[in-house]
Amino acid sequence: MSDVEFPTSLGTSTADEIRLLGQNLTEDLMGQVGFGELALWLVTLRRPTPSEVRVFEAVLVALADHGFTPTAIAARLTYLSAPDSLQGALAAGLLGGGSRFLGVTEDCGQFLHAVLDGQADLPTDDAGWDALALDAVRRAREAGRYVPGLGHPVHKVLDPRTPKLISIAEEEGLRGPHLRLFEAIGRTHESVLGRRLPLNGAGVCGAALADLGLPVDLLRGFALLARAAGLLGQIAEEARRPIGMDAYLTVDRNAVYVDPTAEED
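Attention here is on the structure that accompanies the text. All values reported here derive from a predicted model rather than from experimental measurement.

## Some remarks on the overall build of the protein chain
Right, on to step 1. Summing up its helical and strand segments, the protein chain has 13 helices and three strands in all.
Right, on to step 2. With respect to the principal axes defined by its C-alpha atoms, the protein chain has extents near 70 × 55 × 40 Å.
Right, on to step 3. When each of the 265 residues of the protein chain is scored for burial, the buried share is 40%.
Right, on to step 4. Across the protein chain, contacts joining residues at least 24 apart in sequence account for 71% of those joining residues at least 6 apart.
Right, on to step 5. Accessible surface, the protein chain as shown: approximately 15,400 Å² in total, 55% of it carbon and sulfur.

## A short note on the sheet that holds strand β1 (residues 11-13)
Right, on to step 1. Spatial ordering of the open sheet is given by β1-β2-β3, a layout of three strands whose pairing is antiparallel. At either end of the open sheet lies a strand with only one pairing partner, and these are β1 and β3 (23-24).
Right, on to step 2. Taken together, the three bridges between β1 and strand β2 (residues 18-20) define a ladder with antiparallel strand orientation. Within β2, the residue paired with Ser13 across the bridge is Ile18.

## Brief notes about the pattern of salt bridges
Right, on to step 1. Following the criterion strictly, the structure yields 17 salt bridges and no others.
Right, on to step 2. A salt bridge links Arg76 to Glu238, with the nearest nitrogen and oxygen atoms 2.7 Å apart. A residue pair is termed long-range when its members are at least 10 positions apart, and Arg76 in helix α4 (residues 70-81) and Glu238 in helix α12 (residues 219-240) qualify at 162 residues.
Right, on to step 3. In this structure, Arg175 and Glu170 form a salt bridge, with 3.0 Å as the shortest nitrogen-oxygen distance.
Right, on to step 4. Arg175 sits in the partly exposed class, given a relative accessible area of 24%.
Right, on to step 5. We classify Glu170 as partly exposed; its relative accessible area is 42%.

## Some details on a nonpolar patch on the surface
Right, on to step 1. Where nonpolar side chains cluster on the molecular surface, the patch consists of Phe68, Ile73, Leu77, Leu80, Met245 and Tyr248 and spans about 510 Å² of accessible area.
Right, on to step 2. At the level of elements, α4 and α13 (244-253) are the ones that each hand at least two residues to the nonpolar patch.
Right, on to step 3. Here the element with the most residues in the nonpolar patch is α4; it accounts for three residues.
Right, on to step 4. Its place among the elements puts Leu80 in helix α4.

## Focus: the packing of helix α3 (residues 50-63) against helix α11 (residues 201-211)
Right, on to step 1. Two elements in contact, α3 and α11, have axes whose closest approach is 10 Å; the angle formed by their N-to-C orientations is 160°. Compared by their axis directions, α3 and α11 come out roughly antiparallel. Seen from above, α3 lies across α11 with left-handed handedness. Of the residues in α11, those in contact with Val55, Phe56, Val59, Ala62 and Leu63 of α3 are Ala202, Cys205, Ala208 and Leu209.
Right, on to step 2. A class-by-class count of the residues in the contact of α3 with α11 yields nine nonpolar, no polar and no charged.

## Concerning the packing of aromatic side chains
Right, on to step 1. The full count for this structure, using the stated rule, is one aromatic pair.
Right, on to step 2. Centre to centre, the rings of Phe56 and Phe222 are 5.5 Å apart; their planes meet at 90°, and the pair counts as edge-to-face. Residue Phe56 is found in helix α3, and its partner Phe222 is found in helix α12; the two are separated by 166 residues along the sequence. We note that Phe56, like Phe222, is buried.

The rules behind these values
- Residues numbered from 1 in each chain as written.
- Predicted model: local features only at pLDDT ≥ 70, side-chain atom pairs only at ≥ 80, totals over all residues.
- Heavy atoms only, no water.
- Helix = DSSP H or I, 4+ residues; strand = E, 2+ residues; numbered from the N terminus.
- Buried < 20%, exposed > 50% of the residue type's maximum accessible area, 1.4 Å probe, protein only.
- Contact = heavy atoms within 4.5 Å.
- Areas by Shrake-Rupley, 256 points an atom, 1.4 Å probe, with all protein chains shown as cover.
- Pairing = 2+ DSSP bridges.
- Salt bridge = Lys/Arg side-chain N within 4 Å of Asp/Glu carboxyl O.
- Patch = residues over 30% accessible without salt bridge, like charges linked within 9 Å, V, L, I, M, F, W, Y side chains within 5 Å.
- Axes fitted to C-alpha atoms, helices over the stretch in contact; angles between N-to-C directions.
- Parallel < 35°, antiparallel > 145°, perpendicular 65-115°, else oblique.
- Left-handed = near helix turned anticlockwise from the far one by under 90°.
- Nonpolar A, V, L, I, M, F, W, Y, C, P; charged D, E, K, R; others polar.
- Phe/Tyr/Trp six-rings, centres within 6.5 Å; stacked < 30°, edge-to-face > 60°.

The quantities given are spatial measurements derived from coordinates; they are silent on function.
If you want it as structure tokens, here you go:
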């Protein structure tokens, strides 16, 4: 018998039983707990409420798939190159989650959390939230930083996910300070930036996740969790109705050599 111990509050197993989160996996969890609920439970180490699960799963749905995004294309082309490596194709798509795609969820959550963390008292009305948001946007502009969660390459006026997720959070009593600050940024940023940008879906997801009390440094992980499902769907479709070869050949057959010493236009 070893004296070495590695403490965990997650999963353990014996020859007869698997336990997860202090529960018997087969008797207490399988068929009783949904995957979204389990994912929240694994991170927070407390069983989430039905309202928290609804908001969380709405975030997962919002981030799962948006068509032929760079992450989807990366997964499809990797599958084209190595159809024997499903895990490689899935990983290729996940590795593309960064500051422009998916990573905004975490960036926005961190930005909002940093603003709120510096406040002794939170606003009690829209005017107060607007003043706080305006100051945050101004300070970001003065520092030469982008305000994460603003703008979208496709949805130039309104990202349809944003009002829907705010509505769901409101219905469940979970429209907290991160979402309220995010909404206020949407109302006030134009006066600082000189143009109106939509509040994007990745940003509102970050705000909603932060309002659930999730660690803001882990929010990108939840975006990747959602996108894993979408990428698996993309790979399955690539197997049924492939476009990867056409995408590759379109780029390759239209590649044009450029003299590196020539001046750029």
